Amino acid sequence: MANSTNSGSTIDTGATRGSWGTRVGFILAATGSAIGLGNIWKFPYITGVYGGGAFVLVYLVCVVIVGLPLMVAELMIGRRSKKNPVGAFRALHAPNTPWQATGWLGVLSGFVILSFYSVVAGWAMAYIFKSIAGFSGTAEQIQAEYTALVAHPTASIIWHTVFMVLCIGIVIGGVRYGIERWSKILMPTLFLILVGLMGYGLLYTDGGAESLNFLFKPNFHKLSAEAALSALGHAFFTLSLGMGAMLTYGSYMRRDESITRDAIAVSALDTIIALIAGIAIYSLVFSFNMDPAAGPGLIFQTLPVLFAETGPWVSVPFFVLLTFAALTSGISLLEVVVAYFIDERRWSRTKATLILGGSIWAFGLLSAIAAITIPFRGKDQGFFDVFDFISTNYMLPVGGLLTCLFAAWVMKRADKIAEFGSKGIIFQGLIFFLRFVTPLAVLIVLLHGLELLPFMDYSK
Ligand code: TRP
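Residues numbered from 1 in each chain as written. Predicted model: local features only at pLDDT ≥ 70, side-chain atom pairs only at ≥ 80, totals over all residues. Heavy atoms only, no water.

Asks: Can you tell me about the pattern of salt bridges, naming the residues and giving the values?
Replies: Here the structure, examined in full by the defined rule, presents 12 salt bridges. Arg23 is paired through a salt bridge with Asp262; the nearest N and O atoms lie 2.7 Å apart. Placement of Arg23 in helix α1 (residues 23-34) and of Asp262 in helix α12 (residues 259-287) is noted, with a sequence separation of 239 residues between them. The shortest N-O distance in the salt bridge between Arg80 and Asp415 comes to 3.2 Å. Here Arg80, found in helix α3 (residues 53-81), pairs with Asp415, found in helix α17 (residues 413-420); they are 335 residues apart in sequence, far enough to count as distant. Residue classification places Arg80 among the partly exposed positions, given a relative accessible area of 29%. Here the residues in one salt-bridge network are Arg79, Arg80, Arg255, Asp415 and Glu419, joined through shared partners. (Salt bridge = Lys/Arg side-chain N within 4 Å of Asp/Glu carboxyl O. Helix = DSSP H or I, 4+ residues; strand = E, 2+ residues; numbered from the N terminus. Buried < 20%, exposed > 50% of the residue type's maximum accessible area, 1.4 Å probe, protein only.)

This is how it looks when you write it as structure tokens:
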């Protein structure tokens, strides 16, 4: 390998791109990107809001028909071109192709998403320390701590800064000696903590059976169109699709690995972890007879009330887990932006990481300071909500749709076969999905985000 002699810090330019050391290293890094706040924070709470089992089932179907094909597409484009998202579309089509706008959108999405993702990750870190100190007081007092943290600019900014520094520190080390090395440490630890917490939930609380029932027994009369659409949108976000993160990670992949097998492994691991997190969290929630439909505050408001009873042995590992999950996702977001500047602008990795990481940090201050608001969709909102809304509802679906159409209709058939490794029935099936099923599903998510679906009622 051309770059195996450098540590990836200063001479890792476009000419000597990084690559993963091992297959396991790639799988852990890609799983690390996929497993994040989406799995531990968002999946459990939206499952609660939409009533459990039936929602989980629809989500699993979405992972298979939308997530998996799109992940294969991103990995194929990445490994074929060996480029960042912008360079990839250019390399596989034509020098000045309009398709490179898809790459631009991806780099921009990485920038915007990391800027607010880092703020939530910061709260997770703050909660490690709150857990060590212990939660006490009435339920209202404990819940008010979260509102106070969000409203407190200094605390939010400090934790946001710490998180960005960690991301920068890892990405600066390069693909193999930064991202891969840290994923190999953080992901197995995360897995152990999670299995431990699930074991605790199932064996030591009396909410275990109820939580399994809630998650796995489909109750179709609770399933609304709204729930199905959220399941689809979430499948997207949780697998890190639609902005070239998997594309970029794929560009560091070795030729002799099966893209399909790896995509299945990553999607399966991501899904299993989300379910385990759900079991762990709901066992606690049900054993204390709390409301599963608490919404976004489930992790930072409902759980701490329960943690006041269980003690730090449960809460500290939980927030460490959340932080690790966020960290391996944060570095993938940063890597997309950094890879663009390394490949296309010929910056050194160190320069690209410091300048772009610093810019994302500065931009993130808008989200960290809850008091700054702008009018958006009819009311005054903080930048955190605005960026979250725009990126998940518009930027990622548009990026995903374009990526899917490119892979299905534009990318050369020979290129696809070369990456896929065969043109048998599975390949044919993939192309069929990428041409018709996946884009239609993504289009529906997009139209829903724009509140343009004819059969939905948006007047509420
Ligand atoms: N998948 C991560 C999560 O579940 C978030 C994430 C990381 C992401 N990289 C991404 C989402 C790229 C979309 C695109 O929290």
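Asks: Account for helix α9 (residues 208-216), with residues named and values stated.
Replies: Within the span of α9, buried status applies to Gly208, Ser211, Phe214 and Leu215. All buried residues of α9 project into a common sector of 125 degrees when viewed along the axis, lining one side. Buried-residue contacts for α9 involve α2 (37-49), α3, α8 (174-204) and α12. (Arc of directions from axis to C-beta. Contact = heavy atoms within 4.5 Å.)

Asks: Lay out unusual backbone geometry with the relevant residues and their values.
Replies: Phi at Arg346 is positive, roughly 60 degrees, even though this residue is not glycine. On the basis of relative accessible area, Arg346 is assigned to the exposed category, the value being 54%.

Asks: Before we move on, can you summarise the side chain of Thr102 with the specific residues and values?
Replies: Following the sequence through the fold, Thr102 ends up in helix α5 (residues 100-133). The class of Thr102 is buried, set by a relative accessible area of 7%. For Thr102, the contacting residues outside a window of four places in its chain are Phe89, Gly399, Leu402 and Thr403.

Asks: Provide a residue-level description of helix α10 (residues 225-238), including the pertinent values.
Replies: Across its 14 residues, α10 extends 20 Å between first and last C-alpha, which sits within 8% of the 20 Å expected from 1.5 Å per residue. Buried residues dominate α10, accounting for 10 of its 14 residues. Every buried residue of α10 is accounted for by Ala227, Leu229, Ser230, Ala231, Leu232, His234, Ala235, Phe236, Phe237 and Thr238. Immediately beyond the C-terminal end of α10, within one or two residues, lies Ser240, with a positive phi of roughly 60 degrees. (Expected span 1.5 Å × (residues − 1).)

Asks: Any chance you could break down the packing of aromatic side chains for me, citing the residues and the numbers?
Replies: Two numbers describe a pair of aromatic rings. These are the distance of the centres and the angle of the planes. All chains considered together, the criterion is met by 37 aromatic pairs. Here the aromatic rings of Phe432 and Phe433 are separated by 6.3 Å at their centres, their planes lie at 80 degrees, and the arrangement is edge-to-face. Judged by relative accessible area, Phe432 falls into the partly exposed class, the value being 46%. For Phe433, a relative accessible area of 28% corresponds to the partly exposed category. Members of the aromatic cluster, connected to one another through ring pairs, are Phe116, Trp123, Tyr127, Phe135, Tyr146, Phe300, Phe307, Phe318, Phe319 and Phe384. In this structure, Lys42 is placed above the aromatic ring of Phe237, and the distance from its NZ or CZ to the ring centre is 5.3 Å. The ring of Trp409 is capped by Arg435, whose NZ or CZ atom sits 4.4 Å from the centre of that ring. (Phe/Tyr/Trp six-rings, centres within 6.5 Å; stacked < 30°, edge-to-face > 60°. Lys NZ or Arg CZ within 6 Å of the ring centre and 35° of its normal.)

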